[in-house]
Amino acid sequence: MTRVALAALLLLSTSGQPLFAQNPSSSSQEALGWLQKVAAAPRQHNYVGTFVYSSGSEIETSRIVHLVNEEGEQERSEVLDGSPREIVRNNDEMRCYLPDTKTVVTEKRWLRKVFPALLPQPLSNLDDNYIVKMGGVERVSDYLCQVIELEPRDDKRYGQKLWVDTETGLLLKAAVMDKDRVVEQFVFTDLKIGGKIDKELLKSRYAGKAAGWHNTNLVSSTIKSGQLGWQVKDPPPGFKKIIEMKRNLSEKSRPVAHIALSDGLAAVSVFIEPVSKQFTPPAEGLYHSRGAINIYTRTMADNVITTVGEVPPATVMQIGNSVATHKTD
């Protein structure tokens, strides 16, 4: 994307200092407006680019091609280093090709977030849980970006820092923050926004080879609230249930219950399934993490409770430990 002639003026006008509302505990309405643009932009623009994910010593590079037309959205992303992985998306239908294990995973895009489409749409109640501020103006991959900062109001969630293209609203860099520490980060190192997309770039490089591969269909069916037979009795402040569903996994003999919660930005998923002979975690629980994703697993009666979310460890543990059965109507 070419830069506008006002770039220098924008840089001078911000002077590198955050702009706050008169009440520092209130979010900037301008910053909240920018977040609405960030949520909508991936669904409005064509783009082709390379981005890097980093967390601690882990670094992963991916290539993404995204097309918007009268049929909706088509997208293909591919990991360029380590074990190969490719995701091809047609609107909300996703197919993930894993050539090392000769596996194809098919699922709906319920809560999965893929950079740069990291913000849910619509956004709501963010000011309840975060103080959203305007930052300065910086360059990312030769694009002028407005910086937006989301400061959590408590220790139950991470903060975020977002670099947003000033012309399109597309997210070009994102960092998950634990106070001043970067937990994980995504950034475009090469990017072209707009223009025509060759549909050949959207075709899977593995689809023609995958006829004999193992297929896992993560079929989901949403159900009426309260009908699952499980509840989260004591969620952290700001986290509310947004959906209940049953997921029929190809390798599972019985459906897996799934409850999703959100604070308007961060999402936490709770999976409940019967104990299997293959894996029975101890009653006191197991915990591990990958970047900002924390996972907590424990047993309750004859069920395994797995809680997964882009939230601090104490938050997934609180949610996981408060899962309980309840009577359905």
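Residues numbered from 1 in each chain as written. Predicted model: local features only at pLDDT ≥ 70, side-chain atom pairs only at ≥ 80, totals over all residues. Heavy atoms only, no water.

Participant: When you look at the overall build of the chain in this model, what are you seeing that I'm missing?
Facilitator: Assigned secondary structure in the chain consists of 4 helices and 20 strands. Per-residue burial over the chain gives 48% buried out of 329 residues. Sequence-distant contacts in the chain: of pairs separated by 6 or more residues, those separated by 24 or more amount to 54%. Accessible surface computed for the chain: about 16,500 Å², of which carbon and sulfur atoms make up 51%. (Helix = DSSP H or I, 4+ residues; strand = E, 2+ residues; numbered from the N terminus. Buried < 20%, exposed > 50% of the residue type's maximum accessible area, 1.4 Å probe, protein only. Contact = heavy atoms within 4.5 Å. Areas by Shrake-Rupley, 256 points an atom, 1.4 Å probe, with all protein chains shown as cover.)

Participant: Please explain helix α2 (residues 29-40) as it appears in this structure.
Facilitator: For the α-helix, the turn length of 3.6 residues means that residues three or four positions removed from each other point alike. A rise of 1.5 Å per residue sets the reference length of α2, with its 12 residues, at 16 Å; its end C-alpha atoms lie 17 Å apart and thus fit the reference within 8%. Within the span of α2, buried status applies to A31, L32, W34, L35, V38, A39 and A40. In this structure, the buried side of α2 is in contact with α3 (126-129), β7 (130-140), β8 (143-152), β9 (159-165) and β10 (171-178). (Expected span 1.5 Å × (residues − 1).)

Participant: Please explain the pairing of β7 as it appears in this structure.
Facilitator: In the case of a regular strand, side chains alternate between the two sheet surfaces. For β7, the buried fraction is high: 9 of the 11 residues fall into the buried class. In this sheet, β8 lies alongside β7 in antiparallel orientation, the contact comprising 9 bridges. Bridge assignment links E138 to a residue of β8, and that residue is C145. Linking β7 back to β8 in an antiparallel pair, the connection comprises 2 residues, with S141 at a positive phi of about 50°. (Pairing = 2+ DSSP bridges.)

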